[in-house]
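The lines below spell out each chain.
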Amino acid sequence: MAEILDGLKVSKEIKAEIKVEVDKILESKRRAPHLVAILVGNNGASKAYVNSKVKDCEEVGFQSSLIKFPSTVSESELLEKIDELNKSKAVDGFIVQLPLPDQIDQEKIINAIDPRKDVDGFHPENFGKMALEMDTFLPATPFGILTLLERYNIETKGKDCVIIGRSKIVGRPMSILMGRKDFPGNSTVTLTHSYTKDIEEYTRKADIVITALGDPHFLKGDMIKEGAVIIDVGITRVDNDSPKGYYLAGDVDFDSCAAKAGWITPVPGGVGPMTRAMLMKNTIIAYKTSVYND
Ligand SMILES: Nc1nc(=O)c2c([nH]1)NC[C@@H]1CN(c3ccc(C(=O)N[C@@H](CCC(=O)O)C(=O)O)cc3)C=[N+]21
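Quick caveat: nothing in here was measured; it's all calculated off a predicted structure. Throughout this description, residue numbers start from 1 for each chain and increase along the sequence as written. Confidence filtering applies because this is a predicted model: local features only for residues at pLDDT of at least 70, side-chain atom pairs given and counted only at 80 or more, and all residues used for totals across whole chains, interfaces and linings. As a rule here, side-chain values cover all heavy atoms of the structure and leave hydrogens and water aside.

Novice: How do you make sense of the UniProt feature "domain: Tetrahydrofolate dehydrogenase/cyclohydrolase catalytic" (unreviewed entry) in the protein when you look at a structure like this?
Specialist: UniProt positions are given in the numbering used here, feature names are shortened, and annotations may be inferred rather than shown by experiment. When the UniProt feature table is mapped onto this chain numbering, "domain: Tetrahydrofolate dehydrogenase/cyclohydrolase catalytic" (unreviewed entry) sits at residues 5-120. A helix fraction of 50% and a strand fraction of 16% characterise residues 5-120, whose end C-alpha atoms lie 23 Å from each other. Counting from the N terminus, the helices are the DSSP runs of H or I reaching at least four residues and the strands are the DSSP runs of E reaching at least two.

If you want it as structure tokens, here you go:
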């Protein structure tokens, strides 16, 4: 039976470490780090994530602000707000909750965020720095996965790592990060996607499988080898019929994989809470490297 990679436990440890840093900042009579979230529209998944972020900020002692726009907001109005936040001396980091409505060009929005305040790590400058091992901000979910591997001392050097899914915010950065020279990295990476034939040919040989494809229970126990490390990013999908307005599902068939894997992350309680904790981490990094606060 697999050992659990407990994202909830580790995320609490990370947030407690950040709280100690914030207490020191407050003792030195400086203002607390300030994280802003812009929410466009009000789909259940985004609302839940943004609300949990406000709670996380309270837990670590950050100031947090939530700016809401109706789903009909114009791109220019949103860009104006971003420009204001970029310039504000009182804001250290901000995120624009994705996805955005069709009338808004998502890439234009991401490019408009000052890379020094881009605590999501989505801006091309931050992605480039991540690829070149010149890190400022790593994208929160990949950062969370690396931190889980690190905290549990999972060996990655020389290991075969298969990633399923090549999204810009998880699969693609993960495929770079796992092949980097620093720990946890040095893996031999295979990035699989919707055009990959017979994915199980790859996953059955893999020491580490990272699933970020948004296909509930895709990875079954007969697709992995004994002792493999299974990292399940899972999916939060808007579902207006369900009570919370969204549903949460793992990409991994947990029971059949847990029976064979050496380590496995649960959904919920694995990568999700780590994503949130690393957003707090990126915010205090932005605060400490900020050119805006004295
Ligand atoms: N600019 C932007 N940055 C994001 O990072 C971003 C985003 N937009 N849009 C939406 C997705 C989704 N996302 C989640 C992160 C953590 C949980 C999470 O904490 N999940 C808990 C479950 C929470 C529950 O019970 O509902 C878990 O997996 O244990 C969920 C979803 C970040 N996102």
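Novice: Whenever I open this one, the packing of helix 1 (residues 7-27) against helix 2 (residues 44-60) confuses me. Can you help?
Specialist: The relative placement of two packed helices is expressed as an angle between their axes plus a distance between the axes. Every axis corresponds to a line fitted to the C-alpha atoms, with the helix fit spanning only the stretch in contact, and the corresponding angles, defined between N-to-C directions, vary from 0 to 180 degrees. Contact geometry for helix 1 and helix 2: axes closest at 8 Å, N-to-C directions at 55°. Put simply, helix 1 runs oblique to helix 2. Along its contact with helix 1, which presents Lys15, Ile18, Lys19 and Val22, the element helix 2 presents Asp56, Glu59 and Val60. When residues are sorted by character, Ala, Val, Leu, Ile, Met, Phe, Trp, Tyr, Cys and Pro go into the nonpolar class, Asp, Glu, Lys and Arg into the charged class, and all the rest, Gly among them, into the polar class. Looking at the contact of helix 1 with helix 2 residue by residue, the classes come out as three nonpolar, no polar and four charged. By the definition adopted for this analysis, an angle is roughly parallel if under 35 degrees, roughly antiparallel if over 145, roughly perpendicular if from 65 to 115, and oblique otherwise. What makes two residues a contact is simply this: any of their non-hydrogen atoms within 4.5 Å.

Novice: What exactly am I supposed to notice about the UniProt feature "domain: Tetrahydrofolate dehydrogenase/cyclohydrolase NAD(P)-binding" (unreviewed entry) in the protein here?
Specialist: Mapped onto this structure's residue numbering, the UniProt feature "domain: Tetrahydrofolate dehydrogenase/cyclohydrolase NAD(P)-binding" (unreviewed entry) falls at residues 139-289. With 31% helix and 19% strand, residues 139-289 has its two end C-alpha atoms placed 17 Å apart.

Novice: What should I look at first to understand helix 10 (residues 271-288) in this one?
Specialist: An expected span of 1.5 Å times one less than the residue number is assigned to each helix. The terminal C-alpha atoms of helix 10 lie 25 Å apart, and with 18 residues this matches the ideal 26 Å at 1.5 Å per residue to within 8%. Here the term buried applies to any residue with accessible area under 20% of the maximum for its type, exposed to any over 50%, and partly exposed to those in between, with areas from a 1.4 Å probe on protein chains only. Of all 18 residues making up helix 10, 13 are buried, and the element is well covered by its neighbours.

Novice: Can you walk me through the site of the ligand in this structure?
Specialist: Summary of the distance rule: residues count as near a molecule or strand when at least one heavy atom falls within 4 Å of that molecule or strand. Around the ligand, the structure places 17 residues, and the nearest of them are Val96, Leu98, Asp120, Tyr246 and Gly269. Nitrogen and oxygen atoms within 3.5 Å of one another constitute a polar contact, given that in protein one can donate a hydrogen and the other can accept it, and given that sequence-neighbouring residues count only through two side-chain atoms. Interatomic distance of 2.9 Å between a backbone N/O atom of Val96 and a nitrogen atom of the ligand. Here the accessible surface of atoms and residues is derived via Shrake-Rupley with a 1.4 Å probe, and residues count as covered only by protein chains that are part of the display. Compared with its free state, where it exposes 680 Å², the ligand has 78% of that area covered by protein. Here the shell around the ligand gets four residues from one element, more than from any other, and that element is helix 10. Partitioned by chemical class, the residues of the shell around the ligand number nine nonpolar, five polar and three charged.

Novice: How do you make sense of the sheet that holds strand 1 (residues 3-4) when you look at a structure like this?
Specialist: Strand order in this open sheet of six strands is 1-11-8-7-5-6, and the pairing throughout is parallel. Only two strands of the sheet have a single neighbouring strand rather than two, namely strand 1 and strand 6 (188-192). In this analysis, strands are considered paired if DSSP registers two or more bridges between them. Pairing analysis gives five bridges linking strand 5 (residues 160-164) to strand 6, with the strands arranged parallel. Across the sheet, the residue bridging to Cys161 is Val189, located in strand 6.

Novice: How should I be thinking about the pairing of strand 2 (residues 34-40) in this particular structure?
Specialist: On a regular strand, one side chain projects to one face of the sheet and the next to the other, so that they alternate. Counting buried residues in strand 2 gives seven out of seven residues, a clear majority hidden from the surface. Alternating residues of strand 2 divide into His34, Val36, Ile38 and Val40 and Leu35, Ala37 and Leu39, and every residue in both groups is buried. For strand 2 and strand 3 (residues 63-69), the ladder comprises seven bridges, and the chain directions are parallel. The residue of strand 3 that forms the bridge with Val40 is Phe69. When the strands point away from the viewer and the path from the first strand over the helix to the second turns clockwise, the crossover is right-handed. Taken together, strand 2, helix 2 and strand 3 form a β-α-β motif whose crossover is right-handed.

Novice: Can you walk me through the sheet that holds strand 3 in this structure?
Specialist: Note on sheets: strands pair through backbone hydrogen bonds, and any given pair is parallel or antiparallel. Spatially, 3-2-4 is the arrangement adopted by the three strands of the open sheet, whose pairing is parallel. Only two strands of the sheet have a single neighbouring strand rather than two, namely strand 3 and strand 4 (93-96). Each strand of the sheet is rotated relative to its neighbour by a mean of 15°, with strand direction disregarded. Of the strands in this sheet, strand 2, strand 3 and strand 4 are in contact with helix 3 (residues 75-87), which crosses strand 2 at around 180°.

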